[in-house]
Amino acid sequence: MQSNAEGSPPEGSQIEGSQIEGSQIEGSQDKDAPARAAPPKQFVRDLSEKQAVHGVFLARDKSLLVGKNGKPYLSLRLADASGSVDARVWDNVETVNELFQSGDMIRVKGQVQTFQGRRQVVVHRLEKALPEEFDMADFVVRSARDPEAMMAELLRVAEAVEDRNIRQLTLDVLNDADVRARLLVAPAAKTIHHAYLGGLLEHTLSICGLMRAIHAHYVACGAVMKLDYLVFGAIFHDIGKIWELDIDRGIGYTDKGKLLGHMVMAVELVEKKASRILGFPEELKDLLKHIILSHHGRVEYGSPKTPMFLEAFLVAAVDDLDSKVNTIDAFMRSERASGDRWSRFNQLFERYFFLKA
Ligand SMILES: [Fe+2]
Ligand SMILES: [Fe+2]
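Anyway, here's the lowdown on the structure attached to this text. All of these numbers come straight from a predicted model, not from anything done at the bench.

Observations regarding the overall build of the protein chain
Here is step 1: Of the regular secondary structure elements, the protein chain holds 11 helices and eight strands.
Here is step 2: Pairs at least 24 apart in sequence give 58% of the contacts found in the protein chain among residues at least 6 apart.

This is the structure in structure tokens:
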């Protein structure tokens, strides 16, 4: 347990809590028990001050903390496809803590309160939700862009590749039925950036666009670099994520993903598809594999090799840029809903963000 400055219950919540003491235990019977018949889904986005909360949410970031009064409490986030909101459990904390883990779907009864200018759900009752009590589609976040349109755009990018071998390899991969089906839904990450269905296509196309602009800019400045390598890197660097990540119950890692990782799987894909292209140069294959293997930039970030030529360096740098822009933008947009001038502390970037800029 850690202590936390936010660990004081908002006014009034103890009184409400004491009325329902002992009622959070799973399976307990009383008139306050949330009905098992699923009511219409209540979305996080629509929750407003003083509103009663009753529904299924995805539990995230659960932690057991100690308040200023020395009493333990549970802090968590309730999430669905529309967003997430802070929640607190003040009573029967140890028992409730045993009922669920982060990542579980939970049925919650509580009330929205405002604490330090932010919405917070004070949870009165909580239990694990049964599979028939929710529709997974309510919890799956999708790209705002149409996946088929993104796929068509990516194929146009691939067709414009000048190098015959790289173009053939790229088109063979994108037209592979298994790759295509997976790419249409794949997220780019489990959490953090583009962590939603279609996120990988969005991330890939974004990098393709940046690569064209960067190439035009630096070539005009006299730099020597091949656009085909940059576009290859954009399309292939994370393509292994279509097998690394599983989207059946939220976003998680597959066994293959845990054992091999997306870089190795992308290199295997290049090896398999390039071996079917007559006369595919061996050295070109090695350069392309290097772009994939070095794209995390540093050994401590999971790349077995650091980038050893300009295009490989640019793929790593632009990948990092695009993922950070997506992460900060999504964080700031969700934080602006609070109306505050400053965001909450962002653990990943280790700073507060100024929301009125
Ligand atoms: Fe990656
Ligand atoms: Fe990436």
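Structure's up, so let's keep going.
Quick notes on the packing of helix α6 (residues 199–220) against helix α11 (residues 310–336)
Here is step 1: At a minimum axis distance of 10 Å, the contact between α6 and α11 shows a crossing angle of 125°. Overall, the two elements α6 and α11 adopt an arrangement that is oblique. Read as a crossing pair, α6 and α11 show a hand that is right-handed. Contacts between α6 and α11 involve His203, Ser206, Ile207, Leu210, Met211 and Ile214 on the former and, on the latter, Leu314, Val318, Asp319 and Asp322.

Focus: the nonpolar core
Here is step 1: Core analysis: the largest hydrophobic core is formed by 40 residues, its most contacted members being Val231 and Phe232.
Here is step 2: When residues in this core are grouped by element, the largest group, seven residues, is from helix α7 (residues 227–236).
Here is step 3: Among the nonpolar cores identified, the runner-up in size contains 27 residues, and Leu78, Met105, Leu126 and Phe134 belong to it.

Topic: the pairing of strand β2 (residues 52–66)
Here is step 1: With seven bridges joining them, β2 and strand β5 (residues 105–115) adopt antiparallel strand pairing. For Val56, the partnering residue across the bridge sits in β5 and is Arg107.
Here is step 2: Here seven bridges tie β2 to strand β3 (residues 72–80), and the two strands are oriented antiparallel to one another. Following the sheet pairing, Leu64 is matched in β3 by Leu74.
Here is step 3: In sequence, β2 turns back onto β3 through a hairpin of five residues, with Gly70 there showing a positive phi of about 85°.

A few points about the pairing of β3
Here is step 1: In the sheet, β3 pairs with strand β4 (residues 83–89) via seven bridges, with the strands oriented antiparallel. Across the sheet, the residue bridging to Leu74 is Val89, located in β4.
Here is step 2: The hairpin formed by β3 and β4 contains two residues between the paired strands.

Brief notes about the environment of Ala59
Here is step 1: Mapped onto the elements of the fold, Ala59 is located in strand β2.
Here is step 2: Ala59 sits 17 residues away from Leu76 along the chain, and the two C-alpha atoms are 6.7 Å apart.
Here is step 3: Contacts of Ala59, omitting those with residues within four sequence positions, involve Leu76, Leu78, Phe100, Ser102, Gly103, Asp104 and Ile106.

What counts, and at which threshold
- Counting from 1, residues in each chain are numbered in the order their sequence is written.
- Chains and ligands are labelled sequentially in the order written, the chains with letters from A and the ligands with numbers from 1.
- Given that this is a predicted model, residues contribute local features only at a pLDDT of at least 70 and side-chain atom pairs are listed and counted only at 80 or more, while totals for whole chains, interfaces and linings are drawn from all residues.
- Strands are runs of DSSP state E lasting at least two residues, helices are runs of H or I lasting at least four, and both sets are numbered from the N terminus onward.
- What counts as a contact here is a pair of residues whose C-beta atoms, placed from the backbone, lie within 7 Å.
- Here, axes are lines fitted to C-alpha atoms. For helices the fit covers the stretch in contact, and angles between N-to-C directions go from 0 to 180 degrees.
- Here is the rule for angles: anything less than 35 degrees is roughly parallel, anything more than 145 is roughly antiparallel, 65 through 115 is roughly perpendicular, and the remaining ranges are oblique.
- Two helices crossing with the near one rotated counterclockwise from the far one by less than a right angle form a left-handed crossing, whereas a clockwise rotation gives a right-handed crossing.
- To define a nonpolar core, we join buried Ala, Val, Leu, Ile, Met, Phe, Trp, Tyr and Cys residues through C-beta atoms within 7 Å and take the resulting set.
- As a rule, residues whose C-beta atom has 12 or fewer other C-beta atoms within 10 Å are exposed, those with 20 or more are buried, and those in between are partly exposed; C-beta atoms are placed from the backbone.
- Here a strand pair is declared whenever DSSP counts at least two bridges between the two strands.

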